[in-house]
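What follows is the residue order along each chain.
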Amino acid sequence: MKIIGRLLFVVIFTVGLMSCTQKNSDQIEGENDAITYTKDKAASDGSMTSSADDVPQSDYAFGPLPYAFDALEPVIDTKTMKLHYDKHHKGYYKKFLNAVSETEAEGKDIVDILSQVSMYSMGVRNNGGGYYNHWLFWNSLSPDDKTVPATMEKAINNDFGSMKEFKEAFSSEAATQFGSGWAWLIVKEDGSMTVSSTPNQDNPLMDVADINGIPILALDVWEHAYYVKYNNKRTQYIDSFWKIVDWEKVNDRYQDALSKEIYRP
Ligand code: MN3
């Protein structure tokens, strides 16, 4: 009887284990499905060159990316770049055009719209921010190895103590921004720099932002910016970001910001 009991236990245990394994593999498949990239035209024909031919041209500039889709590998993967530019960024741009269409905002300078964004609809705020922020983001990155220009490094040492302390402060803003949003390096009214973060597609130019200033470096911390490659590991994405920062462009925008000139796409 004892042996039969043990056999019965082994059989029940094995059947139980099999059904658990089955369930687990189903779950994993489901999770993979959720992050599977849907191939668009550019992906299926293997083209690495972006094109803005499929969006309407307007007073608000929208061109191709300043580098190929695969240029920022391995830090930002090709699939993410295609999805991010072709679907998300173009989507914000098109919705922004719709949101300003036949309103008082139509044709106004993008920086003027953002700096008075509380006057406009949430559609203008979210999509105008999405349109502008992504251009600043693409132009914060470069596939080339960029050293920090001496003037920029000196200014960062002045305002943050050291480059290391600056990177820690910026990374902390990026890591602790709750949910979707952005981290920024900004030049304040008095010409000094600070770091900040904003939710959704807000930015430091907006009159609704907690901290105002001229943004010169942007990091997108929406999940769509990193989830395909990094999954939920946002801090790994932030650490890798430093390898592709275009310090020459950041320095150019810093010099401009000192004379109150603001980046426009
Ligand atoms: Mn984005």
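Report follows, based on the coordinates. None of the values given here were measured: they were computed from a predicted structure.

1. Quick word on the packing of aromatic side chains
- Within this structure, the stated rule accounts for 23 aromatic pairs.
- Ring centres 6.5 Å apart and planes at 80° place the aromatic pair Y92 and W222 in the edge-to-face group. Separated by 130 residues along the polypeptide, Y92 in helix α3 (residues 78-100) and W222 in the loop between β3 (214-220) and α8 (227-230) bring together distant segments of the chain. Accessibility classification places Y92 together with W222 in one group, the buried group.
- Aromatic side chains F166 and W242 sit 5.6 Å apart centroid to centroid with 75° between the ring planes, which places their arrangement in the edge-to-face category.

2. Observations regarding the nonpolar core
- Membership of the largest hydrophobic core comes to 72 residues, with the highest contact counts inside it found for F166, F170, L185, M193 and L219.
- With near-sequence residues (within four places) excluded, F166 lies in contact with I156, F160, L185, V195, L217, W242 and W247.

3. Topic: unusual backbone geometry
- Between E73 and P74 the backbone carries a cis peptide bond, its omega angle lying at 0°.
- Positive phi, close to 55°, is recorded for E102, a residue that is not glycine.
- Here E102 lies in the loop between α3 and α4 (110-115).
- Phi is positive for N200, close to 55°, though the residue is something other than glycine.
- With respect to the element layout, N200 can be found in the loop between β2 (193-199) and β3.
- Judged by its relative accessible area of 39%, N200 is partly exposed.

4. Observations regarding the sheet that holds β2
- A sheet is described by the order of its strands in space; here 3 strands give the open sequence β2-β1-β3, paired in antiparallel fashion. Pairing within the sheet leaves two strands with one partner each, and these edge strands are β2 and β3. Across the sheet, the mean angle from the axis of one strand to that of its neighbour is 25°, orientation sign disregarded.
- Where strand β1 (residues 181-187) meets β3, 6 bridges bridge the pair, whose relative direction is antiparallel. Within β3, the residue paired with V187 across the bridge is I214.
- This element, helix α5 (residues 122-138), spans β1 and β3 of the sheet and lies at about 85° to β3.

Analysis parameters
Residues numbered from 1 in each chain as written. Predicted model: local features only at pLDDT ≥ 70, side-chain atom pairs only at ≥ 80, totals over all residues. Heavy atoms only, no water. Phe/Tyr/Trp six-rings, centres within 6.5 Å; stacked < 30°, edge-to-face > 60°. Helix = DSSP H or I, 4+ residues; strand = E, 2+ residues; numbered from the N terminus. Buried < 20%, exposed > 50% of the residue type's maximum accessible area, 1.4 Å probe, protein only. Core = buried A, V, L, I, M, F, W, Y, C linked by side-chain atoms within 4.5 Å. Contact = heavy atoms within 4.5 Å. Pairing = 2+ DSSP bridges. Axes fitted to C-alpha atoms, helices over the stretch in contact; angles between N-to-C directions.

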